[in-house]
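# Analysis of the macromolecular model
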Amino acid sequence: MDIIRPDADAAPHDADPLVRDILARHAGQPGALLPILHDVQDALGWIPETAVPQIAAALQRSRAEVHGVISFYSHFRTAPPARTQLEVCRAESCQACGGGALYEHARARVAAGNTGEISLAPVFCLGLCAQSPAVMIDGRPHAHVTPEKLDALLAAAREA
């Protein structure tokens, strides 16, 4: 069970203060690994490799166990995110309404842009099936998306 040790030696003394604060908030909480990883990523946008030993020490787990959880869940990032996060639905409803072509358009758009400007990830249902095809840009859903609408949405995100 993941329970943070209450003693002061639970994490290295040269630990990142932000991660140390997150660990302190979860002290004594059973099953704390996933909530800790979510909090670190929410705070930093990703989970740096330097946080893994801190988290492992605090939870009395090996670094391999913590890394295994991070690498198992596709939600967790181990590198800084791109400026704009684009997710394109690949589920059946969106595919039936042109989602395949939209995804290919998005891939071409991302490939043509600056590295680190836009990241593209497939997702399997955004819950907008009646309004397919759908995308999520920086956590905001958009429905009835065409390639032209996607270009406009990405341009607006770049200007924001």
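Bear in mind the structure is a predicted one, so any value in this text is a computation, not a measurement.

## A short note on a nonpolar patch on the surface
A cluster of nonpolar side chains, contributed by Leu-34, Phe-72 and Tyr-73, occupies part of the molecular surface with about 310 Å² of accessible area. Assessed through its relative accessible area of 64%, Phe-72 is described here as exposed.

## What about the nonpolar core?
Membership of the largest hydrophobic core comes to 18 residues, with the highest contact counts inside it found for Ile-36, Leu-37, Val-40, Ile-55, Val-66 and Ile-70. Only helix H1 (17-25), helix H2 (33-44), helix H3 (51-59) and helix H4 (63-72) provide two or more residues apiece to this core. Here this core takes six residues from H3, the largest share from any one element. One finds Leu-86, Ala-106, Leu-153 and Leu-154 within the second-largest nonpolar core, a separate group that totals 13 residues.

## A word on the packing of aromatic side chains
Under the counting rule described, the total for this entry stands at two aromatic pairs. The interplanar angle of 90 degrees and the centroid separation of 4.9 Å between the aromatic rings of Phe-72 and Tyr-73 together place this pair among those described as edge-to-face. For the pair Tyr-73 and Phe-76, a centre-to-centre distance of 6.2 Å together with 90 degrees between the ring planes defines the contact as edge-to-face. The exposure class of Tyr-73 is partly exposed, given its relative accessible area of 37%. Three or more aromatic residues joined by ring pairs make a cluster, and in this case those are Phe-72, Tyr-73 and Phe-76. Positioned above the aromatic ring of Tyr-103 is the side chain of Arg-90, whose terminal nitrogen or guanidinium carbon lies 4.1 Å from the ring centre.

## Side note on the layout of surface pockets
For the largest pocket, the calculated volume is near 440 Å³. Lining the largest pocket are 19 residues, with His-75, Arg-77, Gln-85, Glu-87 and Ala-121 sitting closest to its centre. Only strand E1 (84-89), strand E2 (118-123) and strand E3 (135-137) provide two or more residues apiece to the lining of the largest pocket. With five residues, the single largest contributor to the lining of the largest pocket is E2. The residue makeup of the lining of the largest pocket, split by class, is 11 nonpolar, five polar and three charged.

What counts and what doesn't
Residues numbered from 1 in each chain as written. Predicted model: local features only at pLDDT ≥ 70, side-chain atom pairs only at ≥ 80, totals over all residues. Heavy atoms only, no water. Patch = residues over 30% accessible without salt bridge, like charges linked within 9 Å, V, L, I, M, F, W, Y side chains within 5 Å. Areas by Shrake-Rupley, 256 points an atom, 1.4 Å probe, with all protein chains shown as cover. Salt bridge = Lys/Arg side-chain N within 4 Å of Asp/Glu carboxyl O. Buried < 20%, exposed > 50% of the residue type's maximum accessible area, 1.4 Å probe, protein only. Core = buried A, V, L, I, M, F, W, Y, C linked by side-chain atoms within 4.5 Å. Helix = DSSP H or I, 4+ residues; strand = E, 2+ residues; numbered from the N terminus. Phe/Tyr/Trp six-rings, centres within 6.5 Å; stacked < 30°, edge-to-face > 60°. Lys NZ or Arg CZ within 6 Å of the ring centre and 35° of its normal. 1 Å grid on protein atoms, 1.4 Å probe; cavity = no way out; pocket = protein on both sides within 12 Å on 5 of 7 lines; lining within 4 Å. Points joined across faces, edges and corners; volume = space filled by probe spheres on them. Nonpolar A, V, L, I, M, F, W, Y, C, P; charged D, E, K, R; others polar.

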